[in-house]
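Chain and residue survey
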Amino acid sequence: GEELNGKEYVYKEPKLTHILELTETLKTAYIKITGEKEIGHIDAGKDVTKIDPKKCFLQITKIDPYYDIHTDEELDSSSSSSSLQST
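Residues numbered from 1 in each chain as written. Predicted model: local features only at pLDDT ≥ 70, side-chain atom pairs only at ≥ 80, totals over all residues. Heavy atoms only, no water.

**A look at the overall build of the chain**
Selection rule: Numbering of helices and strands starts at the N terminus; helices are DSSP runs of H or I of at least 4 residues and strands are runs of E of at least 2. The buried label applies to any residue whose accessible area, calculated with a 1.4 Å probe on protein chains only, is under 20% of its type's maximum; exposed applies above 50%, and partly exposed to all values in between. Working rule for contacts: check all heavy atoms of both residues, and any pair within 4.5 Å makes them a contact. To measure how exposed things are, a 1.4 Å probe is used in the Shrake-Rupley method; for residues, cover is taken only from the protein chains shown.
Each helix and strand in the chain was counted, giving 1 helix and 4 strands. Each helix and strand of the chain, ordered N terminal to C terminal, gives the series β-α-β-β-β. Buried positions account for 30% of the 87 residues belonging to the chain. Considering only intrachain contacts with a sequence separation of at least 6, the fraction spanning at least 24 residues in the chain is 53%. Here the chain has roughly 6200 Å² of accessible surface; of this, 51% comes from carbon and sulfur atoms.

Dropping the structure here:
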């Protein structure tokens, strides 16, 4: 929905989570959240101004390990940053 357009979220996933697995997990979750029948996927770096504004899209921009700022140690999980583009 419109309220999710351009929002960015951080997700914690188990170590060695494959990008395709993460994408499918997030698509399934956002289908439930938005009530849409389908969530498209946009490759990172693609110009999102050229997408169909009537459809929901998921764009995973990067996956980075998460470090605790208090201990500066890598945690057992990784985090991924993603954006949901929808109108």
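**Considerations on the environment of Gly6**
Mapped onto the fold, Gly6 is located in the segment before strand S1 (7-14). The spatial distance from the C-alpha of Gly6 to the C-alpha of Gln59 is 9.9 Å, given a sequence separation of 53 residues.

**Things to note about the nonpolar core**
Across soluble globular proteins, you tend to see nonpolar side chains buried next to one another. As a reminder, the rule being used: Put simply, buried Ala, Val, Leu, Ile, Met, Phe, Trp, Tyr and Cys residues joined by side-chain atoms within 4.5 Å make one nonpolar core.
By size, the foremost hydrophobic cluster in this structure holds 9 residues: Leu4, Tyr11, Leu22, Leu26, Tyr30, Ile39, Cys56, Leu58 and Ile60. Looking at this core, the elements with two or more residues in it are helix H1 (19-34) and strand S3 (57-67). The dominant element in this core, judged by the number of residues it contributes, is H1, at 3 residues.

**A short note on a nonpolar patch on the surface**
As a reminder, the rule being used: Like-charged residues within 9 Å of one another, or nonpolar side chains (Val, Leu, Ile, Met, Phe, Trp, Tyr) within 5 Å, are grouped into patches, provided each residue has over 30% relative accessible area and no salt bridge. Each salt bridge in this description consists of a side-chain nitrogen of Lys or Arg and a carboxyl oxygen of Asp or Glu lying within 4 Å of one another.
On the surface, Ile19, Leu20 and Ile63 cluster together into a nonpolar patch covering about 270 Å² of accessible area. Relative accessible area serves as the criterion here: at 38%, Ile63 is assigned to the partly exposed category.

**Focus: the environment of Ile42**
Along the polypeptide, Ile42 turns up in the loop between strand S2 (40-41) and S3. For the pair Ile42 and Gln59, spaced 17 residues apart in sequence, the C-alpha to C-alpha distance is 5.0 Å. Non-local contacts of Ile42, meaning those with residues more than four positions away in its chain, are made with Val48, Ile51, Phe57, Leu58, Gln59 and Ile60.

**So, the pattern of salt bridges**
Taken as a whole and judged by the stated rule, the model has 1 salt bridge. Lys27 is paired through a salt bridge with Glu24; the nearest N and O atoms lie 3.9 Å apart. Of this pair, Lys27 and Glu24 both sit in helix H1, 3 residues apart, roughly one helical turn.

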